[in-house]
Structure formats: structure tokens, C-alpha cells
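The lines below spell out each chain.
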Amino acid sequence: MEIFTNTRIDFLRWRYYVLAFTLLFTVIGFGWFAVRGLNVGIDFSGGANVVLRFQDAVPLDQLRSALPSATIQRYGRVEDNSVLIRLPRLQQEGDYAGQVVQSLHTSMNPEAAQKLDLNFQGRAAIAELMKSEDPDKRGTTPAAHNYYYELAQSIITKRSELGLFRNYGEVTSIPGLSSATAQLLASNTFLGQFNVLGQETVGPQVGRELQNKAIWAIALSTLAMGIYIAVRFDLRFGVAAIVALVHDVFMAFAFLVLVGGEFSLITVAGFLMIIGYSINDTVVIYDRVRENVKKSRVRENFEDLVNRSLNQTLSRTILTGGSTLLILLSLILFGGEVIHDFSLLLFAGVIIGTLSTLWIVPSVVFAWNRWFSKSPSGSSGRRMETPRTDAPVLDAKTPRSAKG
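Everything numeric in this text was worked out from a predicted model, so none of it was measured. (Residues numbered from 1 in each chain as written. Predicted model: local features only at pLDDT ≥ 70, side-chain atom pairs only at ≥ 80, totals over all residues. Heavy atoms only, no water.)

S.K.: Would you mind showing me how to read the overall build of the protein here?
M.R.: If you tally the helices and strands in the protein, you get 15 helices and 6 strands. Expressed as a percentage of its 404 residues, the buried residues of the protein come to 44%. The contacts of the protein with a sequence gap of at least 6 include a subset with a gap of at least 24, amounting to 76%. (Helix = DSSP H or I, 4+ residues; strand = E, 2+ residues; numbered from the N terminus. Buried < 20%, exposed > 50% of the residue type's maximum accessible area, 1.4 Å probe, protein only. Contact = heavy atoms within 4.5 Å.)

Here it is, written out as C-alpha cells:
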């Protein structure tokens, strides 16, 4: 499918404007990074993330009072009454998130000293309560223990489906829960203010190791892509690919800084996906340039050949990028908080990768041709010029004597 046919856009004519724009954007992004720093996730900085869902409106004042150094933000829809708590960097190893959650639970639920919280406790604590009281008269056999463990698991599963229990009617409606067990739970448990939807802790040493590995992953993948292109096509194409990928990573990083996105493991995956998308788009252009060199039977200026190749693949570039952007836009709008920064980074990365395909890579290859070749159309290593028009063309129908 082609949406552009016989276009004659002079892409290389606009290369300096695009280079100036990308350079300015990158400088602004890195300048902002130097002034404000980077929003580093706990994957790299160390610390903890806790997601809580409350029965009623989120008690922000109480949370801020208990956790003055934490960052608290809404999580999901307003009606979910959920918050994401980002706790500061750790200076020591340990279950930081677990300690904070336990402290919040104790301060917000004074009943926890006498009763079991069905919105907080896990399967083992609930099963132990039922085993000790044995409301269904199952005895103390292993089969009886398994019975109460499975019943406790049903309660946890129901809680996960609902987010948290808001009334005991939601508890007693669980299949297999007898009236005796329901009465036991009503007498010995309570429904606490919040449920823990998720928690994670990363120590400072692990954070530093992950950060170093992420940087190496991005750097080595960029180098590997460039080497592949150099071997598959040409040295100058490999150099151009590396320059373009470095450009893409720097611009994507500048974008992430400017929008205040979080630099975490999931955004590192986004950087790697941007590299893969960009190099795939670039390979298509390289392949078309090589095909045009083989097919052309007249001497053609290298700049014109590159422009012609870019115009011939323009429909494919726009269709691929456009369809990808539509998918990413839906993820940005409806994907939720967890993948929002990842989706936003990929959205910008597709646009950046398209810019590098249409202008950055051709600019580097054209500059290489101009600086290192003996002729304007030549190349270092392999010649990219097409046959001369004044050279005799051999034809199978030409007599041997005429072929000289």
C-alpha cells in the first residue's frame, strides 16, 4: 500500500534545519538535567514504592504527617481511592516498604491490637485463626489444615478481585464459607482502612548495579547494531547507524527529562525498543539505496540517489510509524499509571527514529562520501556510483564484432 507516489522531496536540502533542531532540543534537555536532575526510579536509586487502596477518601494529611519525606500521588481513577507512595533513597539494606506499611497499619488501625485485619493480613494468618478455632469441626488432621488454607485463599482471592473488603457481606458471599466460619470472622476480625495493592523495595547496592547494567545494555546494543550494519552493508553505513542511534538515545533521554518521566527499568526497555525500531527503519533505507545502485544504468549524483531512495520508501516509513503511534497513543490514554512513562517515551522515540531515518543517517552518509571519497559520488571501500552514460552497453542481441 502506498499513500505517496512519485514524490520528489529533497530531504537532504533540509538536513541542516533538522540537525539544528535536534541539537537545540538535546542541549535544552541536558541543560534541564544539569539544573533539575533526573527523576530516577527506585530500580536505580534504591528506596521503596507502596500502592495502597483505601475504603474512603485518601487521608493525605495523615499520610504526609507519617511520611514527611515521601512523594504521594494519586494512583488510577479517583473513585479507586488509591495512592502511590514513593519512599526516599535507602542508605541500608532491608524490607523498607514492609516496615513502612506495618507502621501505617498500626497507626491507622488501632483495632489491630486485638483483632485480625481482613484487608491487610495474608492467607497464613487468616488460616491460622480458623484452624485454632475450628468453626467447621474439621479436627486437627492435615486434611483439616488444607481445608482452612484453601478457605483462607478464597478470602484473599476475593479481596484481590474487589481491591479490598468494604463490608462483611462481601466476605460472607464467598462460596464455601459456612455460617459458623462467617460468625468467627465477624467476631475476631475487622476491615481495616486500606489494602496493600503492591510494594517493592530496592537496596542502594542493587540500585547501583542495575543502573550500571542498564547503561551498558544501551551502549552495547547501539554498538552491536552499528557493527551489524557495517558488516551487512558498508562501513560508512555502520558509522551512520551508530551516530543515528546515539542521536535517538540522547533525544529520547532529553525528552524524558523535559516531561519529568521516571528513569527506571521499564524506561530502559523503552530505550532499547527505540534502538530496535530506529535501526529497522534505517535498514529499509540502506537496502533501497543498494538496490538503486545496482539497477541504475546512468551516472547519478549520490545526493539524488539517496533522495530518490527516501522518496520510494516514504509510504512505508509513514505507514509503519503512523500505525505504531496510534497504538502507543491508546496506551498513553488508557494504559494506566504503570506504563504511562514507558508509552510516552516510545511515542516520542518513534518520531525521533523517523527523523533520524529521513535526515540524520542520510546526512552522515553524505558527509562521509564528501569527506573521504575521491569523487563526489564515490565511497570509501565500495563505490556507490552508477555506470557512466558514455560507456558502451553490452546487449545479447549485439553482434560479437560490434561488441569489440
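S.K.: Any chance you could explain the confidence of the model for the protein here in plain terms?
M.R.: Detailed reading of the predicted coordinates is not advisable wherever pLDDT is low. Of all residues in the protein, 88% have pLDDT values of 70 or greater, and the mean over the chain is 84. With pLDDT under 50 throughout, residues 375-404 is counted as low confidence; its partners more than four residues away or in other chains account for 53 contacts. (pLDDT = per-residue confidence, 0-100.)

S.K.: I tried to follow the pairing of strand β1 (residues 47-54) on my own but got confused; where do I start?
M.R.: In regular strands, side chains alternate between the two faces of the sheet. For β1, a buried count of 8 out of 8 residues is recorded, marking the element as mostly surrounded by other parts of the structure. Neither face of β1 is open: one carries Gly-47, Asn-49, Val-51 and Arg-53, the other Ala-48, Val-50, Leu-52 and Phe-54, and all of them are buried. Both β1 and strand β6 (residues 194-202) contribute to a ladder of 8 bridges, which runs antiparallel. Bridge pairing links Gly-47 to Val-202 in β6. Here β1 runs beside strand β3 (residues 82-87); their pairing, made up of 6 bridges, is antiparallel. If you follow Val-50 over to β3, its bridge partner there is Ile-85. (Pairing = 2+ DSSP bridges.)

S.K.: I keep staring at the environment of Ile-42 and nothing clicks. Help me out?
M.R.: When you line up the elements, Ile-42 lands in helix α2 (residues 42-45). Exposure remark for Ile-42: the relative accessible area of 7% places this residue in the buried category. Along the chain, Ile-42 and Thr-201 lie 159 residues apart, while their C-alpha atoms are 7.7 Å from each other.

S.K.: Could you clarify how one ought to interpret the sheet that holds β3 in this entry?
M.R.: By way of backbone hydrogen bonds, the strands of a sheet pair with one another, either parallel or antiparallel. An order of β2-β3-β1-β6 is seen for the 4 strands of this open sheet, with the pairing classed as antiparallel. What marks the edges here is a single partner per strand, and that holds for β2 (71-74) and β6. When the angles between neighbouring strand axes are averaged without regard to direction, this sheet yields 15°. The strands that helix α4 (residues 96-108) touches are β1, β3 and β6; relative to β6, the one it contacts most, it runs at about 155°. (Axes fitted to C-alpha atoms, helices over the stretch in contact; angles between N-to-C directions.)

S.K.: Please clarify how the pattern of salt bridges should be interpreted in this entry.
M.R.: Oppositely charged side chains are able to pair whenever their charged atoms sit close together. Applying the stated criterion across every chain, the model contains 8 salt bridges. One salt bridge connects Arg-290 with Asp-287, and the closest N-O pair in it is separated by 2.7 Å. Within this pair, Arg-290 and its partner Asp-287 are both found in helix α11 (residues 265-295), separated by 3 residues, close to a single helical turn. Judged by its relative accessible area of 24%, Arg-290 falls in the partly exposed class. Glu-291 serves as the salt-bridge partner of Arg-288, at 3.6 Å between the closest nitrogen and oxygen. (Salt bridge = Lys/Arg side-chain N within 4 Å of Asp/Glu carboxyl O.)

S.K.: Help me understand α4, please; the structure alone is not making it clear to me.
M.R.: Compared with an ideal rise of 1.5 Å per residue, which puts 13 residues at 18 Å, α4 spans 18 Å between its outermost C-alpha atoms and is within 8% of the ideal. For α4, every residue scored as buried is listed here: Tyr-96, Ala-97, Gly-98, Val-100, Val-101, Leu-104, His-105 and Met-108. (Expected span 1.5 Å × (residues − 1).)

S.K.: Quick question: what am I supposed to make of the packing of helix α5 (residues 123-133) against helix α8 (residues 179-188) here?
M.R.: Relative orientation and spacing of two packed helices are given, respectively, by the angle between their axes and the distance between those axes. Contact geometry for α5 and α8: axes closest at 11 Å, N-to-C directions at 115°. One way to sum up the angle between α5 and α8 is to call them roughly perpendicular. As α5 runs across α8, the sense of the crossing is right-handed. Residues Leu-129, Met-130 and Glu-133 of α5 pack against Thr-181, Leu-184, Leu-185 and Asn-188 of α8. Here the contact of α5 with α8 is composed, by residue class, of 4 nonpolar, 2 polar and 1 charged. (Parallel < 35°, antiparallel > 145°, perpendicular 65-115°, else oblique. Left-handed = near helix turned anticlockwise from the far one by under 90°. Nonpolar A, V, L, I, M, F, W, Y, C, P; charged D, E, K, R; others polar.)

S.K.: What am I meant to see in the packing of α11 against helix α14 (residues 340-372) here?
M.R.: As a packed pair, α11 and α14 sit with axes 9 Å apart at the nearest point and diverge in direction by 25°. Considering their axes alone, α11 and α14 lie roughly parallel with respect to each other. The crossing of α11 and α14 is right-handed. Within the contact of α11 with α14, the residues separate by chemical class into 13 nonpolar, 9 polar and 2 charged.

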